[in-house]
Amino acid sequence: MKPHEKSEKIIIRYKQYLKLEKSLSDNTIDAYLTDIDKLFAYLTLENIDYTEVTLDDLENFSAGLHDIGIHPRSQLRILSGIRSFYHFLVLEDYIENDPTELLESPKIGLSLPEVLTVKEIDALIGSIDRSTCEGKRNCAILETLYSCGLRVSELCNLKFSDLYLKERYIKVEGKGNKQRLVPISSRAITELENYFSARTQHPIKPEFEDFVFISRFGKNISRITVFHIIKQLEKKINLHKEISPHTFRHSFATHLLEGGANLRAIQCMLGHESIGTTEIYTHIDRNMLRKEILEHHPRNNQL
């Protein structure tokens, strides 16, 4: 078997491993395979077999990512994908030792996500023209994003069979096909019901009838469309912040924490596997607390 043929078969098995054993989403699997493509391109240029890679080879590859200007956070993600691949090779007995065990990751400073104030969220939603079916849908989208702290992919895949509006809950399928129940606000429910009354104005393709949010093409709405909706509203109200669908998720978590919610409860609602992922919001809260102290404490207002 030629080395090229051998590597292609390994990649197919690795993809099956990610899908069936790790239960990763198609988007995450594609990202992992893209990471491996980058490594294989480098190894081909250096005439190195992927089963004979050493720590030095990987460190040189990592240094090359830095040299061509790839952001440290992107470097971190690529190296994470490569670690996963070599873990798989060891697990399946293709190699004996994992060359990534001592591979260091690039240092990344704490990057706090952009957060919207309640006033800014109200301004964004208030700028939508509710007289159209599309406007009603967009209102419902933003209220649901903010009310439930959803990832944009979770919103796009939301189905009527996931809605328990009388009980004021929705069922969400997150990363790794893990399901969670999330409370939904009365305001979001109202906007959803307003949208439902207008939703049938556009034809819906039969296989997409159960999806809540429908595009003009009769299919479930895409992540790109949600992103464009938000960017258009950002320009419309002249908001001087770089925002995306994920900004509503960050704002949801931050406002809960500011209101006194327990960090573990926020973790459950966001669907974070690790509490460490949720703890970034404590940094946001501390920064806001410091700002409040500096602005309002009497000792800081003295001449």
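Residues numbered from 1 in each chain as written. Predicted model: local features only at pLDDT ≥ 70, side-chain atom pairs only at ≥ 80, totals over all residues. Heavy atoms only, no water.

### Considerations on the environment of Leu-239
Here is step 1: Among the structural elements, Leu-239 can be located in the loop between helix 9 (223-236) and helix 10 (245-258).
Here is step 2: Using a relative accessible area of 13% as the deciding quantity, one classes Leu-239 as buried.
Here is step 3: Along the chain, Leu-239 and Leu-116 lie 123 residues apart, while their C-alpha atoms are 10.0 Å from each other.
Here is step 4: For Leu-239, the contacting residues outside a window of four places in its chain are Leu-116, Glu-120, Leu-124 and Glu-234. (Helix = DSSP H or I, 4+ residues; strand = E, 2+ residues; numbered from the N terminus. Buried < 20%, exposed > 50% of the residue type's maximum accessible area, 1.4 Å probe, protein only. Contact = heavy atoms within 4.5 Å.)

### Looking at the side chain of Asn-138
Here is step 1: Inspection of the secondary structure assignment puts Asn-138 in helix 6 (residues 133-148).
Here is step 2: Taking relative accessible area as the criterion, Asn-138 reaches 11% and is therefore assigned buried.
Here is step 3: Apart from the residues within four sequence positions on either side, Asn-138 is in contact with Ile-128 and Ile-229.

### Let's talk about the sheet that holds strand 3 (residues 179-183)
Here is step 1: The strand order across the open sheet formed by three strands is 1-2-3, and the pairing between neighbours is antiparallel. The strands lining the two open edges of the sheet, one partner per strand, are strand 1 (163-164) and strand 3.
Here is step 2: Direction of pairing for strand 2 (residues 169-173) relative to strand 3: antiparallel, over a ladder of five bridges. When the bridges of strand 3 are listed, Tyr-169 appears paired with Pro-183. (Pairing = 2+ DSSP bridges.)

### Observations regarding a negative patch on the surface
Here is step 1: The grouping of Glu-21, Glu-92, Asp-93 and Glu-96 at the surface amounts to a negative patch.
Here is step 2: Relative to the elements of secondary structure, Glu-92 occurs in the loop between helix 4 (72-91) and helix 5 (118-126).
Here is step 3: The partly exposed category is assigned to Glu-92, whose relative accessible area is 36%. (Patch = residues over 30% accessible without salt bridge, like charges linked within 9 Å, V, L, I, M, F, W, Y side chains within 5 Å. Areas by Shrake-Rupley, 256 points an atom, 1.4 Å probe, with all protein chains shown as cover. Salt bridge = Lys/Arg side-chain N within 4 Å of Asp/Glu carboxyl O. Lys, Arg positive; Asp, Glu negative; His and termini not counted. Charge placed at Lys NZ, Arg CZ, Asp CG, Glu CD.)

### Overview of the nonpolar core
Note that soluble globular proteins tend to have their nonpolar side chains buried in a common cluster.
Here is step 1: Ranked by size, the top nonpolar core spans 47 residues in total, and within it Ile-141, Leu-142, Leu-145, Ile-170, Phe-213, Val-226 and Phe-248 carry the most contacts.
Here is step 2: Taken together, the elements giving at least two residues each to this core come down to helix 5, helix 6, helix 7 (152-156), strand 2, helix 8 (186-198), helix 9, helix 10 and helix 11 (263-270).
Here is step 3: Broken down by element, the residue count for this core peaks at seven residues, all from helix 6.
Here is step 4: Leaving out residues up to four positions away in the same chain, Ile-141 has contacts with Leu-155, Phe-213, Ile-221, Val-226 and Ile-229.
Here is step 5: Ranked by size, the runner-up nonpolar core spans 25 residues in total, among them Ile-10, Leu-33, Leu-65 and Ile-82. (Core = buried A, V, L, I, M, F, W, Y, C linked by side-chain atoms within 4.5 Å.)

### Topic: the pattern of salt bridges
Here is step 1: This structure, assessed with the given rule, holds eleven salt bridges.
Here is step 2: With its nearest N and O atoms 3.8 Å apart, the salt bridge here joins Asp-122 to Arg-187. Within this pair, whereas Asp-122 is found in helix 5, its partner Arg-187 is found in helix 8, the two being separated by 65 residues in sequence.
Here is step 3: By relative accessible area, which is 35% here, Asp-122 ends up partly exposed.
Here is step 4: One salt bridge in this structure joins Lys-231 and Glu-234, with 2.9 Å as the shortest N-O distance. Residue Lys-231 and its partner Glu-234 are both found in helix 9; the two are separated by three residues, about one turn of the helix. Both residues of the pair, Lys-231 and Glu-234, count as buried.
Here is step 5: In this structure, a network of salt bridges that share partners links the residues Asp-122, Glu-143 and Arg-187.

### Re the layout of surface pockets
Here is step 1: Space inside the second largest pocket adds up to approximately 380 Å³.
Here is step 2: Listing elements by their share of the lining of the second largest pocket, those giving two or more residues are helix 6 and helix 9.
Here is step 3: Counting residues per element, the lining of the second largest pocket draws most heavily on helix 9, which supplies six residues.
Here is step 4: Tallied by class, the residues present in the lining of the second largest pocket amount to five nonpolar, ten polar and six charged. (1 Å grid on protein atoms, 1.4 Å probe; cavity = no way out; pocket = protein on both sides within 12 Å on 5 of 7 lines; lining within 4 Å. Points joined across faces, edges and corners; volume = space filled by probe spheres on them. Nonpolar A, V, L, I, M, F, W, Y, C, P; charged D, E, K, R; others polar.)

### Here's the deal with a nonpolar patch on the surface
Here is step 1: A grouping of Tyr-164, Tyr-169 and Leu-181 is seen on the molecular surface, where their side chains present a nonpolar patch of about 290 Å² in accessible area.
Here is step 2: Its location among the elements puts Tyr-169 in strand 2.

Any functional reading would require information beyond the geometric quantities listed.
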